[in-house]
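# Breakdown of the fold
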Amino acid sequence: RPEAAPEEIFTRDTITKRMPKILDSVLSKMPSDFKISAVLEGVKRLQEEMRSDAQLKLLQSSSARVGADAWNPHLSEFIERGEGWHTAPWWLVE
């Protein structure tokens, strides 16, 4: 609905509640060998960024699984405009 207030849109609920909850579930099922403080802190930081509408950032990974080299040129456009988790297009933050 174009006239809906931002807090009434399902995408905001997904970014601020559902996605952080999914990350909590991932952490709870993660093997203990992977539960190092850097990983746990990184996930908690990401959850807070999602909840608070932090500005988007470039991906920082050399892993082919992340695809930073492919995604960062597209992310740059939105970062330069100051887009955050709640204002960037749904397809990007999902």
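Given the structure is predicted, the values throughout are model-derived calculations rather than measurements. Starting from 1, residues in each chain are numbered consecutively following that chain's sequence as written. Per-residue local features of the predicted model are confined to residues with pLDDT of at least 70, and side-chain atom pairs are confined, for both listing and counting, to 80 or more; whole-chain, interface and lining totals are unaffected and use all residues. No hydrogens and no water enter the side-chain calculation; it runs on all heavy atoms of the structure.

## Topic: the overall build of the protein chain
Basically, it comes down to this: Helix numbers and strand numbers start at the N terminus; a helix is a DSSP run of H or I with at least 4 residues, a strand a run of E with at least 2. The contact criterion used throughout is that any non-hydrogen atoms of two residues lie within 4.5 Å. Only the protein chains shown count as cover for residues, with accessible areas throughout obtained via the Shrake-Rupley method and a probe of 1.4 Å.
Summing up its helical and strand segments, the protein chain has four helices and zero strands in all. Seen through its principal axes, the protein chain has C-alpha atoms that stretch 50 × 30 × 15 Å. The long-range fraction of contacts in the protein chain, counting pairs at least 24 apart against all pairs at least 6 apart in sequence, stands at 54%. In the form shown here, the protein chain has an accessible surface area of approximately 6800 Å², with 56% of it arising from carbon and sulfur atoms.

## Considering the side chain of N72
Applicable threshold: The buried label goes to any residue with under 20% of its type's maximum accessible area, the exposed label to any with over 50%, and the partly exposed label to all in between, with areas taken from a 1.4 Å probe on protein chains only.
Mapping N72 onto the fold places it in helix 3 (residues 68-80). Its relative accessible area of 15% is what places N72 among the buried residues. Every residue in contact with N72, bar those within four places of it in the chain, is listed here: L58 and L59.

## Thoughts on the environment of E77
With respect to the helices and strands, E77 occurs in helix 3. Relative accessible area serves as the criterion here: at 44%, E77 is assigned to the partly exposed category.

## Some words on the side chain of Q47
Structurally, Q47 can be placed in helix 2 (residues 37-52). Since its relative accessible area comes to 1%, Q47 is described here as buried. Residues contacting Q47, with those up to four places away along its chain left out, are P20, L23 and D24.

## So, the confidence of the model for the protein chain
Defined as follows: Per residue, pLDDT captures the predictor's confidence, and it can take any value from 0 to 100.
This prediction gives the protein chain a mean pLDDT of 88; 90% of its residues lie at or above 70. Element-level mean pLDDT values for the protein chain span from 87 in helix 4 (residues 90-93) up to 94 in helix 2.

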